[in-house]
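Descriptive analysis of the structure
Residues per chain, in single letters:
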Amino acid sequence: MSDLLNTGVAWLAQQLAAHAAQSIAYTHSATTATLAAAVGQTTFAADRGDGGTVEWQSVDFVLPLADFVAAGFTLPERDDRIAWGGRTYEVLPVGAQCYRLDQTRGLLRISTKRIS
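In this report, we go over the structure that sits alongside the text. Predicted model only: the values in this text are computed from it and were never measured. (Residues numbered from 1 in each chain as written. Predicted model: local features only at pLDDT ≥ 70, side-chain atom pairs only at ≥ 80, totals over all residues. Heavy atoms only, no water.)

Now for the packing of aromatic side chains. Taken as a whole and judged by the stated rule, the model has 6 aromatic pairs. Ring centres of Trp84 and Tyr89 lie 6.1 Å apart, and the angle between their planes is 40°; on these two criteria the pair is classed as tilted. Here Trp84 matches Tyr89 in class, with each residue buried. Through a chain of ring-to-ring contacts, three or more aromatic side chains come together here, namely Tyr26, Phe68 and Phe73. (Phe/Tyr/Trp six-rings, centres within 6.5 Å; stacked < 30°, edge-to-face > 60°. Buried < 20%, exposed > 50% of the residue type's maximum accessible area, 1.4 Å probe, protein only.)

Rendered as structure tokens:
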């Protein structure tokens, strides 16, 4: 079954790259690389404690983990930067970490906040 999942994730990564990817510049420390990523968003909600909730959105960048590693990076870290569409985004954790991997570790989803 895992081969089927790996094949499916590889196919999805190819489809994202071919039909939904946009060029981003990922910066960690002094290293910057141009990568292709699909852009999305995730909405989060938290209880304020007074009966109300606070909602916020993360701009997410989804790309194959293999492309990220091939560019010389290991995993996203807090305060890394992504430039896309004339704007700059800061990699920030949502919960414990600032990224999510699918079950096959084929696709990487990086959570960010727009800073400029």
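On inspection of all chains with the given rule, the structure shows 4 salt bridges. One salt bridge in this structure joins Arg100 and Asp60, with 3.7 Å as the shortest N-O distance. Of this pair, Arg100 sits in strand 6 (residues 99-101) while Asp60 sits in strand 3 (residues 53-64), and the two are 40 residues apart along the sequence. A relative accessible area of 37% means that Arg100 is categorised as partly exposed. By relative accessible area, which is 0% here, Asp60 ends up buried. Three or more residues joined by partner-sharing salt bridges are found here, namely Asp60, Arg100 and Arg109. (Salt bridge = Lys/Arg side-chain N within 4 Å of Asp/Glu carboxyl O. Helix = DSSP H or I, 4+ residues; strand = E, 2+ residues; numbered from the N terminus.)

The subject of this paragraph is the environment of Thr104. Structurally, the position occupied by Thr104 is in the loop between strand 6 and strand 7 (107-114). Sequence separation between Thr104 and Leu5 is 99 residues, and the spatial gap between their C-alpha atoms is 7.1 Å. If we ignore the near neighbours within four places in the chain, the residues touching Thr104 are Leu5, Asn6 and Val9. (Contact = heavy atoms within 4.5 Å.)

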